[in-house]
Amino acid sequence: MRALLWVVGVVAGVLILLGLLLEAVRWLVIIGVIALVIVIVWGVVKGRQAVQHQSRRR
């Protein structure tokens, strides 16, 4: 009976940790996607500024 309680406790702990880990991974993916979008937008804006700056020189 005691061993069964240990097994159930360990399995429950592993499931809780796995759930927290998956939740953290999901948030990291969301943060990564947001950062990627920001970098792409920033690159496009800087690229347009560089092109406009070049055309003004001519």
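See the structure shown above.
Only a predicted model underlies this, so the values are computations on that prediction, with no experimental measurement involved. (Residues numbered from 1 in each chain as written. Predicted model: local features only at pLDDT ≥ 70, side-chain atom pairs only at ≥ 80, totals over all residues. Heavy atoms only, no water.)

S.K.: With reference to specific residues and values, describe the overall build of the chain.
M.R.: The secondary structure content of the chain amounts to one helix and zero strands. Scaling as 2.2 N^0.38, a compact globule of 58 residues should have a C-alpha radius of gyration of about 10 Å, whereas the chain reaches 25 Å, well beyond that. The C-alpha extent of the chain, read off along each of the three principal axes, is 85 × 10 × 5 Å. Buried residues in the chain amount to 0% of all 58 residues. Summed over its atoms, the accessible surface of the chain is roughly 5700 Å², and 77% of this surface lies on carbon and sulfur atoms. (Helix = DSSP H or I, 4+ residues; strand = E, 2+ residues; numbered from the N terminus. Rg over C-alpha atoms; globule rule 2.2 N^0.38 Å. Buried < 20%, exposed > 50% of the residue type's maximum accessible area, 1.4 Å probe, protein only. Areas by Shrake-Rupley, 256 points an atom, 1.4 Å probe, with all protein chains shown as cover.)

S.K.: Can you break down a nonpolar patch on the surface residue by residue, with the values?
M.R.: Together, Val 7, Val 11, Leu 15, Leu 18, Leu 21, Leu 22, Val 25, Val 29, Val 33, Val 37, Val 41 and Val 45 make up an exposed nonpolar region whose accessible area comes to about 1000 Å². By the element assignment, Val 29 lies in helix 1 (residues 2-57). (Patch = residues over 30% accessible without salt bridge, like charges linked within 9 Å, V, L, I, M, F, W, Y side chains within 5 Å. Salt bridge = Lys/Arg side-chain N within 4 Å of Asp/Glu carboxyl O.)

S.K.: Now, about the environment of Ile 16: what can you tell me, with residues and values included?
M.R.: Structurally, Ile 16 can be placed in helix 1. The exposure class assigned to Ile 16 is exposed, which follows from its relative accessible area of 55%. Along the primary structure Ile 16 and His 53 are separated by 37 residues, whereas in three dimensions their C-alpha atoms are 55 Å apart.

S.K.: Report on the pattern of salt bridges, specifying residues and quantitative values.
M.R.: Applying the stated criterion across every chain, the model contains one salt bridge. Note that Arg 26 is salt-bridged to Glu 23, the shortest N-O span being 2.7 Å. Pair noted here: Arg 26 and Glu 23 are both in helix 1, with a separation of three residues, about one helical turn. Its relative accessible area of 48% is what places Arg 26 among the partly exposed residues.

S.K.: Can you explain the environment of Trp 27? Please cite residues and give values.
M.R.: Structurally, the position occupied by Trp 27 is in helix 1. Considering only alpha carbons, one finds Trp 27 and Val 37, 10 residues apart in sequence, at a separation of 15 Å.

Purely geometric stuff here, so don't read any function into it on its own.
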